Amino acid sequence: MAIISASILAANLASLSEEVKRVENMIDEIHLDVMDGHFVPNLTFGFPMIEALRTFTNLPIDAHLMVTNPTDLIKGFVEKGATRVTVHQEVCYHLHRTVEYIKSLGPEAFVAINPATPLSTLEEILPYVDGILVMTVNPGFSGQKFIPTMIEKIKRLSDIRKHKNYQFKIAVDGGVGNENAVELVKIGVDILVMGYGVFRNPRLAQLREEILNASADM
């Protein structure tokens, strides 16, 4: 069943608890974009944000580490309440070791790849991960448009999973909303990371119903 992961980067941070509570019954988890201003051209959240989230929501939290030194931060985010940790292939020199480290602490271990990173770079890690996050925009900012060629990339990843009988989940992040969420579910996506598609979407309840229906038909 496909789920909605709400990226708080698009929420009104001045009233974050109210923002989360407003959509809580229409989402399945929180997506926390951790950016360091180095790996990506933006600076966002750290440990205080996940601590704050844990004071008003029990939803699962994915700590998406868009940073150059993810291994230095993994344990801290897990201790603060992350139920999934996502690291980027592009910055993990010893990716298998990092994935196994995350799993040893308890959370799911996901690996993300940027739009220009080929799927071939994941060949050796696919048997070990809980999921792959396909970035469908260049990471760093909320509200970007979905890169159309990522559809074929997702299809190829879904085919690899099927043919190899792997069990990893497929997540997508960037430009996901009313116009493409259902299509993404139909080609094999399990987790839809949405920012504007959640917090600035007047038809979120309807979209959730469409996603659930599409999942049931798979």
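Residues numbered from 1 in each chain as written. Predicted model: local features only at pLDDT ≥ 70, side-chain atom pairs only at ≥ 80, totals over all residues. Heavy atoms only, no water.

Taking an unreviewed UniProt entry as the reference, the chain is identified by name as Ribulose-phosphate 3-epimerase belonging to Fervidobacterium islandicum. Under the UniProt heading Pathway (unreviewed entry), the entry covering the chain gives this text: "Carbohydrate degradation." (UniProt positions renumbered as here; feature names shortened; annotations may be inferred.)

### What to know about the overall build of the chain
If you tally the helices and strands in the chain, you get 8 helices and 8 strands. Radius of gyration (C-alpha) of the chain: 16 Å, near the 17 Å computed for a compact globule of 218 residues. C-alpha atoms of the chain, sized along the principal axes, occupy 40 × 40 × 30 Å. A total of 218 residues make up the chain; the buried ones form 55% of that total. Within the chain, counting contacts between residues at least 6 apart in sequence, those at least 24 apart form 64% of the total. (Helix = DSSP H or I, 4+ residues; strand = E, 2+ residues; numbered from the N terminus. Rg over C-alpha atoms; globule rule 2.2 N^0.38 Å. Buried < 20%, exposed > 50% of the residue type's maximum accessible area, 1.4 Å probe, protein only. Contact = heavy atoms within 4.5 Å.)

### Focus on helix α8 (residues 204-216)
Its 13 residues give α8 an end-to-end C-alpha distance of 18 Å, which sits within 8% of 18 Å, the value for a rise of 1.5 Å per residue. Regarding α8, the residues found buried are Leu204, Leu207, Arg208, Ile211, Ala214 and Ser215. Buried residues of α8, viewed axially, fall in a sector of 125°; they line one side. Buried residues along α8 sit against β1 (3-7), α1 (16-23), α6 (181-186), β8 (191-194) and α7 (196-199). (Expected span 1.5 Å × (residues − 1). Arc of directions from axis to C-beta.)

### Side note on the UniProt feature "binding site: a divalent metal cation" (unreviewed entry) in the chain
Using the residue numbers shown here, the UniProt feature "binding site: a divalent metal cation" (unreviewed entry) corresponds to His31, Asp33, His64 and Asp173. Spatially, the listed residues are clustered: although they cover 143 residues, their C-alpha atoms lie within 10.5 Å of one another. With residues up to four places along the chain from it excluded, the contact list for His64 reads His31, Leu32, Asp33, Val34, Thr86, His88, Ala112, Leu133, Met135 and Asp173. Tracing the backbone through its elements, the reader meets Asp173 in strand β7 (residues 169-173). You can call Asp173 buried: its relative accessible area is 9%. Not counting the four nearest positions on each side in its chain, Asp173 is found in contact with His31, Asp33, His64, Leu133, Val134, Met135, Thr136, Val137 and Val193.

### Focus on the UniProt feature "coiled-coil region" (unreviewed entry) in the chain
Mapped onto the present numbering, the UniProt feature "coiled-coil region" (unreviewed entry) falls on residues 6-33. Between the C-alpha atoms that bound residues 6-33 there is a distance of 10 Å. The span itself is 29% helix and 25% strand.

### Focus on the pairing of strand β6 (residues 131-135)
Within β6, 5 of the 5 residues are buried, which leaves it mostly tucked inside the rest of the structure. Alternating residues of β6 divide into Gly131, Leu133 and Met135 and Ile132 and Val134, and every residue in both groups is buried. In this sheet, β6 lies alongside strand β5 (residues 108-113) in parallel orientation, the contact comprising 4 bridges. Paired with Ala112 across the two strands is Leu133, which belongs to β6. Of the strand pairs in this sheet, β6 and β7 are connected by 5 bridges, and their pairing is parallel. Along β7, the bridge assignment pairs Val134 with Val172. Read from β6 through helix α5 (residues 150-164) to β7, the crossover connection turns out right-handed. (Pairing = 2+ DSSP bridges. Right-handed = clockwise from strand over helix to strand, strands pointing away.)

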